[in-house]
Amino acid sequence: MKRLPDSELEVMKALWASGPDTPRAQLESALAPFGWAGNTVNTYLARLTEKGFLSVRREGRHNLYTPLVSREDYMAFDSRAVLRRLYGSSPANFVAALARDGLSREEMDRLRQLLDRLEGGDGE
């Protein structure tokens, strides 16, 4: 898997929200706030298809698009890539960077609860 440019990621977000067999018209409507021309959307769809992120199926005169990579799988991949690239693969370095910016007590509590769950603890 490869990291997606922001524009292609926005197309994937629209597809993940729409689900399988999304008609192009629905996709263009979801992407309308970006103000992209139809040819631009076509280019992004073609790139994503080439990269294996989505499939396209012709039905009558319309193309239907289906994500082949789940949002969760991409988020996990991208998170690991950011952690590796910016924080030397160290979650502790990442949390330290967040803490320097000021984590709230609530955010710290949620992190502790998450770590407890991941460890198999009960969160206490």
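Everything discussed here concerns the structure shown above.
Everything in this summary refers to the structure shown in the same document. (Residues numbered from 1 in each chain as written. Predicted model: local features only at pLDDT ≥ 70, side-chain atom pairs only at ≥ 80, totals over all residues. Heavy atoms only, no water.)

Details of the pattern of salt bridges
In a structure, side chains of opposite charge can pair up when their charged atoms sit close to one another. The condition that has to hold: Just to be clear on terms, a salt bridge is a Lys or Arg side-chain nitrogen sitting within 4 Å of an Asp or Glu carboxyl oxygen. Secondary structure elements are taken from DSSP: a helix is a run of H or I of four residues or more, a strand is a run of E of two residues or more, and numbering for both begins at the N terminus. A simple rule labels every residue: compare its accessible area, found with a 1.4 Å probe on the protein chains alone, to the largest value its type can have, and call it buried under 20%, exposed over 50%, or partly exposed in between.
As enumerated under the stated definition, the model contains nine salt bridges in all. For the salt bridge of Asp 78 with Arg 3, the shortest nitrogen-to-oxygen distance reads 2.5 Å. Of this pair, Asp 78 sits in helix 4 (residues 71-87) while Arg 3 sits in the segment before helix 1 (6-18); the two residues are 75 residues apart in sequence, bridging distant segments of the chain. Accessibility expressed as a relative area gives 16% for Asp 78, which makes it buried.

Examining the sheet that holds strand 2 (residues 54-59)
To keep it simple, the criterion reads: Note on pairing: two strands pair once DSSP finds at least 2 bridges between them. We call two residues in contact when some of their heavy atoms are within 4.5 Å. Every axis in this analysis is a line fitted to C-alpha atoms, fitted for helices over the stretch in contact. Angles between the N-to-C directions lie between 0 and 180 degrees.
Taken in spatial order, the three strands of this open sheet run 1-3-2, and their pairing is antiparallel. Whereas interior strands pair on both sides, the edge strands pair on one side only; in this sheet they are strand 1 (22-23) and strand 2. Judged from the six bridges that link them, strand 2 and strand 3 (residues 62-67) form a sheet pairing that is antiparallel. Looking at strand 3, one finds that Val 56 is bridged to Tyr 65. In this fold helix 1 packs onto strand 1, strand 2 and strand 3, with an angle of close to 90° to the strand it touches most, strand 3.

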